[in-house]
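Survey of secondary and tertiary structure
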Amino acid sequence: MRKKILNYDELVREAGFAINSPTKGCIVILEYGYKIWEIIQRRLDQLIKDTGHSNVYFPLFIPESLMNKEKEHVEGFSPECAVVTHGGGVRLQESLIVRPTSETIMYETYRTLITSYRDLPLKYNQWANVVRWEKRPRPFLRTTEFLWQEGHTAHATQEESIEEVLRMLNIYKTFIEEYLAIPVIAGRKSDNEKFAGAVATYTVEALMRDKKALQCGTSHDLGQSFSKVFEIKFQDKENKQQYVWQTSWGVSTRLIGAAIMAHRDDKGVILPPLIAPYQVVVIPINNLVNAEYIVRIEKELKDKGLRYVIDNRDESAGSKFNKWELKGVPIRLEIGDRECERQTISATSRLGKKVNTPINEFFNSIDSLLLNFQNELFVRATEFQKTNTFDIDQFTEFKNLFGQGKSSGFVKAYFCGSKECEDTIKSETFGVTSRCIPLDETNGEGSCICCKKDVNGKKTIFAKAY
Ligand SMILES: [Zn+2]
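For the structure given in this document, a descriptive report is provided here. Per-chain numbering applies: the sequence of each chain, read as written, is numbered from 1 onward. Thresholds applied to this predicted model are a pLDDT of at least 70 for local features of residues and 80 or more for the giving and counting of side-chain atom pairs; totals over whole chains, interfaces and linings are not thresholded and use all residues. Note: side-chain values were computed over all heavy atoms of the structure, leaving out hydrogens and water.

**Digging into the sheet that holds strand β10 (residues 200–207)**
With mixed pairing, 11 strands are arranged side by side in an open sheet as β3-β7-β8-β14-β11-β10-β9-β22-β25-β21-β20. Every interior strand has two partners, whereas the edge strands, β3 (54–55) and β20 (389–391), have only one. Two strands qualify as a pair provided that DSSP identifies no fewer than 2 bridges between them. Comment: elements are numbered from the N terminus, with helices defined as DSSP H or I runs of at least four residues and strands as E runs of at least two. Two strands pair when backbone bridges link them, and strand β11 (residues 213–223) and strand β14 (residues 245–252) are joined in this way by five bridges, in the antiparallel orientation. Bridge pairing in β14 links T218 to G250. Each of β10, β11 and β14 touches helix α8 (residues 254–263); the most contacted strand, β11, lies at about 145° to it. Should any heavy atoms of two residues lie within 4.5 Å, those residues are considered in contact. What counts as an axis is a line fitted to C-alpha atoms, over the stretch in contact for a helix, and the angles between N-to-C directions run from 0 to 180 degrees.

Below, the structure written as structure tokens:
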């Protein structure tokens, strides 16, 4: 019997990352999914602290009047806000917004924390949950409540704040490429796609296995738009009052979805060893396998500091293989009587490689097996991205590529950046949007893919996106 290929939502559920919750639009992140989040958190938190930021915590509820202060910001977010109108059994005098993002609540306080140039730069980060009402939820990609980190900094000069925006974007890029083994394109969003209230939004965009793009993280240059509204001023060295320059940046549990979708195959998920909840699964082929040998293997795994699981459940070896293949564990050890007698290990990698070696030899090489696995996944994803990126200068060709609403990867094209052209492109390509103008793209000359106006500068990346 041929097995059915699971779609993304089914895969998330069947592999045990998350399930639907009794609350509409919200998921239950199960232990297999949450372990990945913990690994992401631990590493990113370190990177954030290493670059001079401290963690803080601000309230979940934002007084409506604060949310309303920055005009573009409130317009951008109000359609997806959850609003608390009652508390303690009575109607509140002022409604409270459940934070969709924390600029407003944080910056009202930044005004009181910052008075002098000596208080700058102020570099805070917060690990929190946020709520954005979602009409079409997808597990990890968009849910009404999700987990994230949001960094919010204030600087004395524009130069310093732009440096911060790009520094954090680069940390995200490096982290996602190294840990999630997903190549990303770092670039600037079009005005149409930027964060509500930002001067400019920078993003890291990745291509998923189904040839759709996924925005994996953003870093915003807020300029002085919030500091002027929230009156965040400092006295400079010449005793003059100045407004601070600000940034905000974040990544969320969406990264779990990215890891699932960027590396999957027909059998299920393929997890990069650096974020896999279990890097190794040990499967005793039958119940009669020498227990002492399994104990020895476990000790080796523990001594190596690896994350592992021993699947001793009363189930056939075949169905265990399928299950751990679906869940994407990088290396599977199959231990039967033969391995035990000969003191060997039979190992199969989730990318299909098999080895059978003496136990000592195996454990001497396991670190490099995992490292090679991690690298191979990255190379595989990079090649996939390359073969699915198209330089295009004719709109007809662009439209054909996405005909009937299919997803076809990244398109690189000259684009004038106007809202009109962005809207035309979107409506004539079944929803393709501009993803970003890559930072490392070289400048050139051409004409807008849509209106044919001269464009002097970099090409823009387009894709169907999640
Ligand atoms: Zn145009």
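**Describing the coordination of the zinc ion**
Expected angles at a metal are 109.5 degrees for tetrahedral coordination by four donors and either 90 or 180 degrees for octahedral coordination by six donors. At this site the zinc ion is bound by C416 (SG), C421 (SG), C448 (SG) and C451 (SG), with donor distances of 2.3 to 2.4 Å. Coordinating donors are taken to be N, O and S atoms lying within 2.8 Å of the metal, or within 3.2 Å when the metal is Na, K or Ca; because water is excluded from the atom set, some sites may appear incomplete. Spacing between the donor residues of the zinc ion along the chain follows C-x4-C-x26-C-x2-C. Taken together, the residues C416 in the loop between β21 (410–413) and α14 (419–428) and C448 in the loop between β23 (444–447) and β24 (454–457) connect sequence positions 32 residues apart.

**Structural notes on the packing of helix α9 (residues 291–303) against helix α12 (residues 359–387)**
Here α9 crosses α12 at 25°, and the two axes come no closer than 11 Å. The orientation of α9 with respect to α12, classified from their angle, is roughly parallel. The crossing of α9 and α12 is right-handed. Where α9 approaches α12, its residues Y293, R296, I297, E300 and L301 are matched on the opposing element by I359, N360, F363 and I366. Oblique is the label for any angle not under 35 degrees, not over 145, and not in the 65 to 115 range, which are roughly parallel, roughly antiparallel and roughly perpendicular in turn. Crossing chirality is assigned from the near helix's rotation relative to the far helix, an anticlockwise turn below a right angle marking it left-handed and a clockwise turn marking it right-handed.

**Quick word on unusual backbone geometry**
The omega torsion of the bond from L120 to P121 falls at -5°, within 30 degrees of zero and hence cis. Here P121 is to be found in the loop between α5 (103–113) and β7 (122–131). Phi is positive for E231, which is not a glycine, with a value near 55°. Exposure remark for E231: the relative accessible area of 35% places this residue in the partly exposed category. Categorising residues by exposure relies on relative accessible area from a 1.4 Å probe, with only protein chains included: less than 20% of the type maximum marks a residue as buried, more than 50% marks it as exposed, and the intermediate range marks it as partly exposed.

**Quick look at the side chain of S349**
The residue S349 is located in strand β18 (residues 344–349) in this model. Looking at S349, the relative accessible area reads 15%, which means it is buried.

**Topic: the pairing of strand β17 (residues 331–335)**
The element β17 is largely enclosed, with a buried count of five among its five residues. A two-sided burial pattern is seen for β17, the buried positions comprising I331, L333 and I335 on one face and R332 and E334 on the other. With five bridges joining them, strand β15 (residues 280–284) and β17 adopt parallel strand pairing. Its bridge partner lying in β17, V282 is registered against L333. Bridge count for β17 against β18 is four bridges, and the pairing is antiparallel. The partner of R332 across the bridge, within β18, is T348.

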